[in-house]
Amino acid sequence: MARKIMIFDTTLRDGEQSPGASMTMSEKLTLAHQLAHLNVDVIEAGFPFSSPEDFNSVSRIAAEVQGPTICGLARTREDDITSCYEAVKHAEKHRIHTFVGTSRLHLEKKLRKTAEQVLQMAVESVAYAKSLTPDVEFSAEDAMRTDLAYLRDVVEAVIEAGASTVNIPDTVGYTTPWVMEQTIRYLFENVSNIGEAVISVHCHDDLGLSVANSLAAVRAGAGQVECTVNGIGERAGNASLEELVMALRTRADQFDAYTDVNTREIVKTSKMVSSFTGFAVQPNKAIVGQNAFRHEAGIHQHGVLMDRQTYEIMEPQDVGWSETVLTLGPRSGKHGMRKRLEDLGYEITDEQVDAIYNRFIEVADKKKQVYDEDLEIIMRQATSELPETWVLAGLGISYDIGKQPTATVRLEKEGEIYEQTGQGNGPVEASYDAIDRIIEIPVALEDYALRAVTRGKDAIGEVTIRVERNGDGAMGRAAGTDVVWASAAAYLNAINRLIIRSGMNERPNQDTP
Ligand code: KIV
Ligand code: ZN
């Protein structure tokens, strides 16, 4: 009989840990609700002891998100585990996930402890966590570079101490599918109490093998896979949720296993993660890339027209892609717009409809034809809950032959208007110069990307940027038919995020008009 494979989503913990991917509290909450719609089994919501922000977001997710088990990460320390429990305890189903490194490198270089001491730490932590909640997961960090006999002893001991899930991470993405398969089989054959826990894997993608390694573990008996949406995570990222789920479903003949994921929510979740983190999805990315179901070559197009299966192994609708339909224009009404968004799978509250419709009409007046992709961007902009400290109130650009372009920027903050001019090699740089002169919080522009969201000369351009200040990075995103305006708005969006995160709300020199 087919086995159920638990999907443990760590987008909000390991995913959010990747440099520059940090999300605001309200984004984390929205994403957690979406992960519940996707029907994952476990949401690892954060690392509560690591910061008060993480503690608060894990607590809110635990209190508000229904369905999946809400899990928090903790080191093998009592204060860490207690804080984790305090954060997750609000959830009806909650889990404490505690971990310690077990490879020789971790023991000798990082922990400076003997194998016996680390085994003892693991056992005591699991026993303590178990005294707080019945659902305890233990991870042997760097398991795939750990001596096998020692790994067996650790797994057996933590199960004995009460771990209900034991995770075997490939922390540095070093293993290969056949070694992973052998390791999991070895544990099943040599750990006497293995039947009392679910064996999990957590693979990183340093060699691009994380999904293959996770699937190999499933073949060997693993009952849980840990993954992130779009594969985001430390360094090269984690195993991608969408690839794992669709591989298990499309090649069920190879695994005799299934997941409970609602695959039709995949594309929507992927777009949300990309929008919140600012990490664009590459066009050729499996399942969620824009080209994943597009056929360019004439031979392929001909084949697909005769029978889709000639060149397609999955139905695009099964993962949530909809045919792009030209639906709306400046004369479309509020009901038509709402209906289209609902057809695309979005739940809109009555309060949100007006804000979305106002923005929709602004765009439709300029663009005349509003595509589904435009509509999704409009909705995300209008429903963004990021408090905007600084708002772009006006932008004028002037060019003179032989001179650098000049930008005049007007910003609004708490009802007051500030205006400055700036210069640069192009209009975007000039607008950033003017913004810097007003806000006086110097940031470094680390990354700038512009892409057309839909087709045609009047396509909406989406600008994604990343800024950094004193080692703290933030992404910003904005879209519009005027890409210079969108560039300035994206820059402000990133600065607003930095301000919220670091609490630096001061404009040092208040005498500039
Ligand atoms: O990669 C890793 O080993 C981890 C553990 C904390 C599970 O993220
Ligand atoms: Zn990890």
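Residues numbered from 1 in each chain as written. Chains lettered and ligands numbered in written order. Predicted model: local features only at pLDDT ≥ 70, side-chain atom pairs only at ≥ 80, totals over all residues. Heavy atoms only, no water.

Draft legend 1. The overall build of the protein chain, seen in detail. When its secondary structure is counted, the protein chain shows 18 helices and 18 strands. The C-alpha atoms of the protein chain give 25 Å as radius of gyration, which agrees with the globular expectation for 513 residues (24 Å, within 12%). Taken along its principal axes, the extent of the C-alpha atoms in the protein chain is 80 × 65 × 45 Å. Taking all 513 residues of the protein chain together, 53% fall into the buried category. Carbon together with sulfur atoms contributes 50% to the accessible area of the protein chain, which is approximately 22,900 Å² in total. If you average the places of the 52 positive and of the 77 negative side-chain charges in the protein chain, the two averages end up 3 Å apart. (Helix = DSSP H or I, 4+ residues; strand = E, 2+ residues; numbered from the N terminus. Rg over C-alpha atoms; globule rule 2.2 N^0.38 Å. Buried < 20%, exposed > 50% of the residue type's maximum accessible area, 1.4 Å probe, protein only. Areas by Shrake-Rupley, 256 points an atom, 1.4 Å probe, with all protein chains shown as cover. Lys, Arg positive; Asp, Glu negative; His and termini not counted. Charge placed at Lys NZ, Arg CZ, Asp CG, Glu CD.)

Draft legend 2. Geometry of the sheet that holds strand E14 (residues 406-413). Pairing is antiparallel in the open sheet, where three strands are placed in the order E13-E14-E15. For this open sheet the edge positions go to strand E13 (391-398) and strand E15 (416-423), each flanked by a neighbour on one side alone. Taken over all neighbouring pairs, the strand axes of this sheet differ in orientation by 15° on average, direction set aside. Inspection of the sheet shows E14 paired to E15 by eight bridges, in the antiparallel sense. Across the sheet, Ala407 pairs through a bridge with Gly422, a residue of E15. Here helix H17 (residues 427-439) sits on the sheet in contact with E13, E14 and E15, set at roughly 135° to E15. (Pairing = 2+ DSSP bridges. Axes fitted to C-alpha atoms, helices over the stretch in contact; angles between N-to-C directions. Contact = heavy atoms within 4.5 Å.)

Draft legend 3. How the structure looks around the pairing of E14. Only one face of E14 is covered, namely the one carrying Ala407, Val409, Leu411 and Lys413; the face carrying Thr406, Thr408, Arg410 and Glu412 has none of its residues buried. Pairing between E13 and E14: seven bridges, direction antiparallel. Note that in E14 the partner of Gly396 across the bridge is Thr408.

Draft legend 4. Fine view of the sheet that holds strand E4 (residues 69-75). Strand order around the closed barrel formed by eight strands is E2-E3-E4-E5-E6-E7-E8-E9, with parallel pairing between neighbours. On average, each strand axis in the sheet is inclined to that of its neighbour by 25°, with strand direction left out of account. Across six bridges, the pairing between strand E7 (residues 165-170) and strand E8 (residues 198-203) is parallel. Following the sheet pairing, Asn167 is matched in E8 by Ser200. Sheet strands touched by helix H9 (residues 210-220): E7, E8 and strand E9 (224-227). Its angle to E8, the strand with the most contacts, is close to 165°.

Draft legend 5. Examining the site of ligand 1 more closely. Taken together, the neighbourhood of ligand 1 is formed by Arg13, Asp14, His97, Phe99, Ser139, Glu141, Asn167, Pro169, Thr171, His202 and His204. Arg13 is positioned such that a nitrogen or oxygen atom in its side chain is 3.0 Å from an oxygen atom of ligand 1. Here an oxygen atom of ligand 1 and a side-chain polar atom of His202 are 3.1 Å apart. Within the complex, 94% of the 260 Å² of free accessible area of ligand 1 lies under protein. Mapped onto the shell around ligand 1, the elements with two or more residues apiece are helix H1 (11-15), strand E5 (94-101), strand E6 (136-141) and E7. Among the residues forming the shell around ligand 1, the class breakdown is two nonpolar, six polar and three charged. (Near = heavy atom within 4 Å. Polar contact = N/O pair within 3.5 Å; in protein donor to acceptor, adjacent residues only side chain to side chain. Nonpolar A, V, L, I, M, F, W, Y, C, P; charged D, E, K, R; others polar.)

Draft legend 6. Fine view of a nonpolar patch on the surface. A surface patch of nonpolar side chains, about 310 Å² in accessible area, is lined by Leu445, Tyr448, Leu450 and Val483. Per-element tally for the nonpolar patch: the top contributor is strand E16 (residues 444-452), with three residues. (Patch = residues over 30% accessible without salt bridge, like charges linked within 9 Å, V, L, I, M, F, W, Y side chains within 5 Å. Salt bridge = Lys/Arg side-chain N within 4 Å of Asp/Glu carboxyl O.)

Draft legend 7. Layout of the environment of Tyr174. Residue placement: Tyr174 occurs in the loop between E7 and helix H8 (177-190). In this structure, the C-alpha to C-alpha distance between Tyr174 and Arg331, residues 157 residues apart in sequence, is 57 Å. Leaving out residues up to four positions away in the same chain, Tyr174 has contacts with Arg145 and Leu207.

Draft legend 8. Molecular detail of the pattern of salt bridges. Evaluation of the coordinates by the stated rule reveals 34 salt bridges. With its nearest N and O atoms 2.6 Å apart, the salt bridge here joins Glu243 to Lys285. Taken together, the residues span a long stretch of sequence, with Glu243 in helix H10 (residues 241-250) and Lys285 in the loop between helix H12 (266-277) and helix H13 (298-306) at a distance of 42 residues. Close ionic contact of Glu462 with Arg451 constitutes a salt bridge, the shortest N to O distance being 3.0 Å. With Glu462 in strand E17 (residues 461-469) and Arg451 in strand E16, the pair connects residues that are 11 residues apart, well separated along the chain. Using a relative accessible area of 4% as the deciding quantity, one classes Glu462 as buried.

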